[in-house]
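Next come the chains, spelled out residue by residue.
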Amino acid sequence: MWTASDFLRQYLAVLIVGVVGAGLVGLLLAGSHLLRPARRQPEKHITYESGVDPVGSMWTQSQVRYYVFALLFVMFDVEAVFIFPWATRLEAYGLFGLIEMGIFVFILLLGLIYAWRKGVLKWV
Amino acid sequence: MERGPIESLVHRLFAGLYGIPVLGWLIPIVLVLGMVALAALVLIWLERKVSGHIQSRRGPLHNGPHGLLQTVWDALKLLVKEDIVPSSADRLIMLMAPFVVFTPAVLVYVVMPFGKGWTVANLNIGLLWVVSVLSLGPVGIILGGWGSHNKWSLLGGMRSAAQLISYEIPSVLALGAIVMMAGTMSMDGLVAAQDQYEFVLTPPGLIAFVVYLVTALAELNRNPFDLPEAESELVAGFVTEYSGFKFAIFFLAEFANLLALSMITVTVFLGGWQPPSVLFFLPDSAQLPGVFWFAIKTTVMVFVFQWIKWTLPRLRIDQMLNVCWKGLIPITLGNLALACVWLLLTEKSWAR
């Protein structure tokens, strides 16, 4: 008879927890939908802006700074993808892996220093 | 003894249908979810009590002994509150946000070792799972901020994105140093690697612990990093347009995350369910079950997080980003090198 491997079993448990967790939210929101009143008044559905009528649209300009930090994040988060597997098999790779990783981290560090010197890290 | 068809089906569901114990899973999963829900209720009460006493007032007092029932009544009140969605908002995205925030908060607990062998699923990539699942939470926050069609919410969502992705890097790098020392990413393996002494007692472990504590505060949107929902600047940040139980779910998720991060800190740095190594003089007979130690350490960590939140003022956004990019990231990168040196000094077998 076919039996599920340990790997499959573990991730099935993960899937079940995820589905149950999302289902719990759905259940609570649905339950609240049955219990709560719904008295529509146009004033209630105006966007909140400290009590006065909203001025203009929400689609205002936002700072480009946020995107710069998002780009920097992508650069450094890739690092995590490499560091975790290497750290797990540290002993197997030994000195060779250590030097390799040292070079890799050094290059990334250069990137950070470059961004720093360029003034990207300064919030204007 | 002959089994009836239903009885044999139940038996098979417990023992394993194709090796999958469908019903056998229900017990741990229900236990974990129940614990998360109950803990969130208790933690909200504790938060208000701790904040009250730190600020020389008393916090909730009148509902139940020491105000213990306050959160229950609050939750019931929110359950029957009208749900107001602004007419210009994106209803679907606004509805999605609570799901996207809450589900990862629950998924983290899958790999948590509550005691010896007390794990729902001992994934071999446990720590990576924790990191990746926790980074899904911000997506929900941005969805909520974006879908509300409100300037406050959008600003809160944007700030939250900048903060959470920035602090994820030092968090990951700090945990990387620990993975180097443990040689495994499985949460059970991390606990087992600390059977002699906790990682926090080693120099690279101590630095990683402090950095992780700071990043955990940022990931929880807690003071001094509570810019996404800074109430004196942004009304309520990304939850401004939320009302009723959707609002409650954000806070349920926040406190579930607080508990989760405390448990991760305990597991990764403080020896998990093992008794603290500084208590080595305790005779074996006095040793208590692992769940007990895990609960004690987690409670202490939760208190530390609340203590910090209610003591420190809020940082400005440029200060917040400076601390991360110019402070924590160089420190954690250096810490990786320190961890290498430490391993070369302590583990003779490793240096070849």
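From a predicted model like this one, the values you see are computed outputs, not experimental measurements. (Residues numbered from 1 in each chain as written. Chains lettered and ligands numbered in written order. Predicted model: local features only at pLDDT ≥ 70, side-chain atom pairs only at ≥ 80, totals over all residues. Heavy atoms only, no water.)

## Describing the layout of surface pockets
Residues and elements named next belong to chain B. In this structure, the largest pocket occupies an estimated 1000 Å³ of space. What lines the largest pocket is a set of 37 residues, among which I44, F247, F251, L252 and F255 lie closest to the centre. Grouping the amino acids of the lining of the largest pocket by side-chain chemistry returns 23 nonpolar, four polar and 10 charged. The calculated volume of the second largest pocket comes to roughly 570 Å³. For the lining of the second largest pocket, the secondary structure elements donating two or more residues are α2 (22–54), α10 (244–269) and α11 (290–309). A total of eight residues in the lining of the second largest pocket trace back to one element, the largest contributor, which is α2. (1 Å grid on protein atoms, 1.4 Å probe; cavity = no way out; pocket = protein on both sides within 12 Å on 5 of 7 lines; lining within 4 Å. Points joined across faces, edges and corners; volume = space filled by probe spheres on them. Nonpolar A, V, L, I, M, F, W, Y, C, P; charged D, E, K, R; others polar. Helix = DSSP H or I, 4+ residues; strand = E, 2+ residues; numbered from the N terminus.)

## A short note on the interface of chain B and chain A
Taken together, the contact between chain B and chain A spans 78 residues of the former and 67 residues of the latter. Carbon and sulfur atoms make up 76% of the surface buried where chain B meets chain A, a total of about 6800 Å² over both sides. Where chain B packs against chain A, one counts one salt bridge. Residue R36 of chain A is joined to D83 of chain B by a salt bridge in which the shortest nitrogen-to-oxygen separation is 3.9 Å. (Contact = heavy atoms within 4.5 Å. Buried area = accessible area lost by both parts, 1.4 Å probe. Salt bridge = Lys/Arg side-chain N within 4 Å of Asp/Glu carboxyl O.)

## Quick word on the confidence of the model for chain B
All names here are of chain B. Residues of chain B with pLDDT of at least 70 account for 88%, and the chain-wide mean is 81. When mean pLDDT is compared element by element in chain B, helix α9 (residues 203–219) scores highest at 89, while helix α1 (residues 5–15) scores lowest at 64. In the model output, the complex is listed with pTM 0.85 alongside ipTM 0.82. (pLDDT = per-residue confidence, 0-100.)

## So, unusual backbone geometry
Residue and element names in this part refer to chain B. Of note in the backbone geometry, H66 takes a positive phi value of approximately 55° without being a glycine. Mapped onto the fold, H66 is located in the loop between α2 and α3 (70–79). One non-glycine residue, H149, lies in positive phi territory at about 55°.

## A word on the pattern of salt bridges
Residues and elements named next belong to chain B. By the definition in use, this model includes four salt bridges over all chains. Between R48 and D74 there is a salt bridge whose closest N-O contact spans 2.9 Å. Of this pair, R48 sits in helix α2 while D74 is found in helix α3, placing the two residues 26 residues apart along the sequence. Across the pair D83 and K246 runs a salt bridge, and its minimum N-O distance is 3.2 Å. Here D83 is found in the loop between α3 and α4 (91–107), whereas its partner K246 is found in helix α10, with 163 residues between them in sequence. Look at D83 and you get buried, because its relative accessible area is 15%. Residue K246 is classed as buried on the basis of its relative accessible area of 9%. (Buried < 20%, exposed > 50% of the residue type's maximum accessible area, 1.4 Å probe, protein only.)

## Some words on the packing of helix α6 (residues 137–147) of chain B against helix α7 (residues 151–182) of chain B
Residues and elements named next belong to chain B. Viewed as axis vectors pointing N to C, α6 and α7 meet at an angle of 160°, and their least axial separation amounts to 7 Å. Our classification of the angle between α6 and α7 gives roughly antiparallel. Crossing of α6 over α7 shows left-handed handedness. Counting all contacts with α6, which are made through P138, I141, I142, G145 and W146, the residues of α7 involved are S153, L154, G157, S160, A161 and L164. In the contact of α6 with α7, the residues fall into seven nonpolar, four polar and no charged. (Axes fitted to C-alpha atoms, helices over the stretch in contact; angles between N-to-C directions. Parallel < 35°, antiparallel > 145°, perpendicular 65-115°, else oblique. Left-handed = near helix turned anticlockwise from the far one by under 90°.)

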